[in-house]
Amino acid sequence: MVAGESGLGKSTLVNSLFLTDLYRDRKLLGAEERIMQTVEITKHAVDIEEKGVRLRLTIVDTPGFGDAVNNTECWKPVAEYIDQQFEQYFRDESGLNRKNIQDNRVHCCLYFISPFGHGLRPLDVEFMKALHQRVNIVPILAKADTLTPPEVDRKKRKIREEIEHFGIKIYQFPDCDSDEDEDFKLQDQALKESIPFAVIGSNTVVEARGRRVRGRLYPWGIVEVENPGHCDFVKLRTMLVRTHMQDLKDVTRETHYENYRAQCIQSMTRLVVKERNRKYDQKPGQSWQGEIPSLALGETKPYFCSSIGPGLNLSGCWSPPSLINPFLPLAN
Ligand code: GDP
């Protein structure tokens with residue numbers, strides 16, 4: 001997923017990353033139309049081949065983010081989208097055909113930060129805080145060619161400090177094993193110190209030092225997208241599609257999805273217990289006075305089958321009737 005204010009170069013970077021032209025048909029809105037703009041979610045599929053391995057990636061874009069005059073809670077549609085994917089996965093997992101589940105969960109969110117401000121903007125803080133429990137956030141310092149190298153370093157340091165200060169939990173690169181060779185360890189250290197990745201995107205191929213490269217041509221020279229001396233593009237691409245793709249998926253599965261699932265089951269359990277208590281209360285002399293007890297996981301299934309009929313599908317397997325958003329508190 002790519003998110004961040006319009007015009008920060010998200011589409012250009014996606015095209016550069018996957019050597020495609022995904023946004024051919026994109027319609028850019030005028031200022032008037034954007035005043036009341038709400039955030040949309042769009043999806044594109046790309047097929048890439050990495051060292052002989054063919055991969056199908058889905059790129060989720062969030063046009064309209066930060067475009068309106070009032071951007072309060074403009075992260076909400078994005079959060080809802082991520083939750084919907086978890087919900088779908090949860091349903092599929094509880095169904096019959098669990099072997100062929102299509103995994104549409106969002107494994108990584110590249111969040112674009114403007115190079116023009118002084119560190120994070122309130123909207124950036126709000127977005128990342130709202131989403132860090134749901135998705136792996138990888139911060140990106142956009143349009144790095146607009147900054148000098150010392151400015152890039154300063155801005156990166158400031159952004160890292162602010163991320164820490166606001167308690168934002170971005171994606172943590174795993175520590176490498178102690179028996180890895182020194183080169184690998186240095187590479188790993190450099191990757192961690194690059195956060196936020198300072199990137200440059202370009203849709204055009206230019207000629208630099210006799211080679212044709214993706215870059216941006218200026219009157220004073222050429223910036224090359226894939227030159228590690230110019231920006232962190234190669235580091236970002238390598239980490240996304242080679243070195244850390246599996247870890248991103250593992251963290252989604254083991255942490256973000258597990259949180260969703262646990263909270264979902266907890267919310268449903270509380271509903272069931274409430275229902276049971278209500279039944280007790282209706283019978284004279286059997287009213288339940290104590291705390292609402294929590295049920296063991298196994299106990300929820302019969303309750304769903306017996307008390308919430310639609311949850312029982314034709315094969316007798318339990319499937320959640322209507323999943324409750326676990327991030328919302330239950331009304332008493
Ligand atoms: P989006 O709205 O975030 O998807 O942004 P776009 O990819 O449409 O880019 C907006 C404008 O910024 C376009 O004119 C791009 O050519 C330009 N742009 C994209 N990436 C870069 C970059 O890395 N550096 C500079 N200087 N301009 C860029």
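All values derive from a computational prediction rather than experimental measurement.

K.L.:
Lay out the nonpolar core in plain terms, naming residues and giving numbers.
P.N.:
If you look at the biggest cluster of nonpolar residues, it comprises 74 residues, and the most contacted ones within it are Leu110, Phe127, Leu131, Phe197 and Leu236. Once residues within four sequence positions are removed from consideration, Leu131 is found in contact with Trp75, Val78, Ala79, Ile82 and Ile137.

K.L.:
Please set out the pattern of salt bridges residue by residue, giving values where relevant.
P.N.:
Applying the stated criterion to the full structure yields 20 salt bridges. Its salt-bridge partner being Arg216, residue Asp145 comes within 3.7 Å of it at the nearest N-O pair. Taken together, the positions of Asp145 in the loop between β5 (137–141) and α5 (149–165) and Arg216 in strand β8 (residues 211–218) put the pair 71 residues apart, joining distant regions of the chain. As a salt-bridge pair, Lys158 and Glu162 come within 3.5 Å of each other at their nearest N and O atoms.

K.L.:
Summarise the side chain of His107; cite the residues concerned and give the values.
P.N.:
Looking at where His107 falls in the secondary structure, it is placed in the loop between α3 (76–94) and β4 (109–113). On the accessibility criterion, His107 (17% relative accessible area) is buried. Apart from the residues within four sequence positions on either side, His107 is in contact with Asn136, Leu248, Lys249 and Thr252.

K.L.:
Could you give me a rundown of the UniProt feature "site: Important for dimerization" (unreviewed entry) in the protein chain, with the residues and numbers involved?
P.N.:
UniProt records the feature "site: Important for dimerization" (unreviewed entry) at Phe116, using the numbering of this structure. Locating Phe116 in the fold gives a position in the loop between β4 and α4 (122–131). For Phe116, a relative accessible area of 54% puts it in the exposed group. Here Phe116 is in contact with Arg121, Lys143, Thr146 and Lys155, once residues within four sequence places are set aside.

Conventions and cut-offs
- Residues numbered from 1 in each chain as written.
- Predicted model: local features only at pLDDT ≥ 70, side-chain atom pairs only at ≥ 80, totals over all residues.
- Heavy atoms only, no water.
- Core = buried A, V, L, I, M, F, W, Y, C linked by side-chain atoms within 4.5 Å.
- Buried < 20%, exposed > 50% of the residue type's maximum accessible area, 1.4 Å probe, protein only.
- Contact = heavy atoms within 4.5 Å.
- Salt bridge = Lys/Arg side-chain N within 4 Å of Asp/Glu carboxyl O.
- Helix = DSSP H or I, 4+ residues; strand = E, 2+ residues; numbered from the N terminus.
- UniProt positions renumbered as here; feature names shortened; annotations may be inferred.

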